[in-house]
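Each chain, letter by letter, is given below.
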Amino acid sequence: MREYLLTLCVTVAVTYLLTGPVRKFAIAAGAMPEIRARDVHREPTPRLGGIAMFGGLCAGLLFADHLANLNDVFELSNEPRALLSGAALIWLIGVLDDKFEIDALIKLGGQMIAAGVMVVQGLTILWIPVPGVGTVSLTAWQGNLLTVALVVITINAVNFVDGLDGLAAGMVCITSGAFFMYAYRLWYGYGIESAAPATLFAAILMGMCLGFLPHNMHPARIFMGDSGSMLIGLVLAAGAISITGQVDPDRLGIFVGGERAATHAMLPVFIPLLLPLTITALPVADLLLAIVRRTWRGQSPFAADRGHLHHRLLEIGHSHSRAVLIMYFWSALIAFGTVAYSVHSASMWIVLLIVVLSAVGLVLLLLPRFTPRAPRWAESFVPPRYRRRRPAKRPAFTTPHGASVPSYDGDEARVPVGVGVSGANGATAIGGRSRFRERDSAGTSR
């Protein structure tokens, strides 16, 4: 654990220190695209944050290679080299897209090639456990196709959720933390050496996200761009493939009483073969909903819109920061709930706790619909949005002839016809006409 923590700290430090210079480089290189209709931010923000994250990945792998215990991961397995090769390719494609806006089909082809590079070097699924059946061996082409599909789905799921400041990095950091706990339990608790690469990948992925988050929280100073979102998606998929398709359930059968019992015990982590990752259920659900929504409208599945989950949270009435925190909450609940259930699947307390926290999450989700009002004696202790609204008083004004016109409150305020209000440059304005003018101008701006 000490060496994993050291690798995590090195990755965090390198990513954090590189992000500042990368931001200056992105501004100088002109990687600041214009604000699009679907964007939430209002000021042009540089991209290419994936450059710093890729630097953290390289530093973490290099540092781990020189540690006494983690060096065995590089000597006994070719998976770290396979990850680095695929990550370098997908990172290069992302950098080009951040700068030149590559076509979606070209990016999809690049994602498949990056997954193929990892497959060629041995990072692939060899077998899958099926509940009630046991271990099912896959042929070479079946394992390769399943591996490529999982990589492409996970990359695009993370890319789709990258719509708010700090959202993608925070969610991946939470899910990789839960994934690290499960992988470390297999490696250290059960002595399964095949789980060591996945544990290392999860620790490095956490460091990449933690080092980038201080620069990416709202208001973000830099975006990770496709160079970062596709990179962390590939690393997350690589860890899932490593621990799912490489760890033999027969090794767990020694401890849990048979192959079928071992398969049942590991079921919550093998569900990712179908989803592709239970711990990234929110990004995957967002991806599937986006594909259905766009196809239903007759659009391309790759066409951008403002119908993602984080956009819906903003439309409900949540602020930018609260929408991100709600997504964090659900990611943590799904990820750590899955890990807890995989450890103690027979405990009803875990199921009950997940149900209670889900109810709390629903209340937080619908909070803008039911905004409570604090009593008047407690208004000084609560935020302004929970205070009762008081009608604004309008100051009294005088007409050009010296007559005083009283002020009115609420909706009953009316200005007598023919009575003007002295304004800028001596011009007069009538209240009703000015409101219609504001409405017209607001309509023309949409």
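Preceding this paragraph is the structure being described.
As a starting point, this report considers the structure included with it. (Residues numbered from 1 in each chain as written. Predicted model: local features only at pLDDT ≥ 70, side-chain atom pairs only at ≥ 80, totals over all residues. Heavy atoms only, no water.)

## As for the packing of helix α1 (residues 2–29) against helix α2 (residues 50–65)
Their axes nearest at 7 Å, the elements α1 and α2 cross at an angle of 150°. One finds that α1 runs roughly antiparallel with respect to α2. Crossing geometry of α1 relative to α2 is assigned as right-handed. Along its contact with α1, which presents L6, T7, V10, T11, V14, T15, L18, T19, V22 and F25, the element α2 presents I51, A52, M53, G55, G56, A59, G60, F63 and A64. Grouping the amino acids of the contact of α1 with α2 by side-chain chemistry returns 12 nonpolar, 7 polar and no charged. (Axes fitted to C-alpha atoms, helices over the stretch in contact; angles between N-to-C directions. Helix = DSSP H or I, 4+ residues; strand = E, 2+ residues; numbered from the N terminus. Parallel < 35°, antiparallel > 145°, perpendicular 65-115°, else oblique. Left-handed = near helix turned anticlockwise from the far one by under 90°. Contact = heavy atoms within 4.5 Å. Nonpolar A, V, L, I, M, F, W, Y, C, P; charged D, E, K, R; others polar.)

## Examining the packing of aromatic side chains
If you walk through the whole model with that rule in mind, you get 5 aromatic pairs. On the numbers, 6.1 Å between centres and 85° between planes, the contact of Y4 with Y184 is edge-to-face. One end of the pair, Y4, is in helix α1; the other, Y184, is in helix α7 (residues 167–189), with 180 residues separating them in the sequence. Here Y4 and Y184 have matching classes, each one buried. Measuring from centroid to centroid gives 6.0 Å for F329 and W330, while their planes differ by 85°, and the two rings are edge-to-face. In this structure F329 comes out as partly exposed when scored by relative accessible area, which is 24%. One aromatic cluster is present, formed by Y4, F180 and Y184 through successive ring pairs. (Phe/Tyr/Trp six-rings, centres within 6.5 Å; stacked < 30°, edge-to-face > 60°. Buried < 20%, exposed > 50% of the residue type's maximum accessible area, 1.4 Å probe, protein only.)

## Some words on the side chain of T7
Topologically, T7 is positioned in helix α1. Judged by its relative accessible area of 0%, T7 falls in the buried class. At 2.9 Å, the side chain of T7 and the backbone oxygen of E3 are in polar contact. (Polar contact = N/O pair within 3.5 Å; in protein donor to acceptor, adjacent residues only side chain to side chain.)

## Notes on the pattern of salt bridges
One side chain can pair with another of opposite charge once the charged atoms of both are near each other. For the coordinates displayed, the defined rule picks out 3 salt bridges. A salt bridge links E101 to R47, with the shortest nitrogen-to-oxygen separation between them at 3.3 Å. In this pair, E101 sits in the loop between α4 (79–100) and α5 (104–120) while R47 sits in the loop between α1 and α2, placing the two residues 54 residues apart along the sequence. According to the relative accessible area criterion, E101 is partly exposed, its value standing at 47%. A relative accessible area of 10% means that R47 is categorised as buried. One salt bridge in this structure joins K107 and D226, with 2.8 Å as the shortest N-O distance. (Salt bridge = Lys/Arg side-chain N within 4 Å of Asp/Glu carboxyl O.)

## Some remarks on unusual backbone geometry
With omega at -5°, the peptide bond leading from H218 into P219 counts as cis. One can find P219 in the loop between α8 (196–216) and α9 (225–245). A positive phi angle is found at E101, which is not glycine, with a value near 60°.

## A look at a nonpolar patch on the surface
On the surface, a cluster of nonpolar side chains totalling about 500 Å² of accessible area is made up of W349, L352, V356, V360 and L364. By secondary structure assignment, the location of L364 is in helix α16 (residues 348–365). L364 gets classed as partly exposed once you look at its relative accessible area, which sits at 37%. (Patch = residues over 30% accessible without salt bridge, like charges linked within 9 Å, V, L, I, M, F, W, Y side chains within 5 Å. Areas by Shrake-Rupley, 256 points an atom, 1.4 Å probe, with all protein chains shown as cover.)

## Focus on α4
In a regular helix each residue adds 1.5 Å, so 22 residues correspond to 32 Å; α4 covers 31 Å between its end C-alpha atoms and thus fits that length. Along α4, the positions that sit buried rather than exposed are E79, P80, A82, L83, G86, A87, I90, I93, G94, V95, D97 and D98. Of the residues flanking the end of α4, it is E101, one or two places downstream, whose phi is positive at about 60°. (Expected span 1.5 Å × (residues − 1).)

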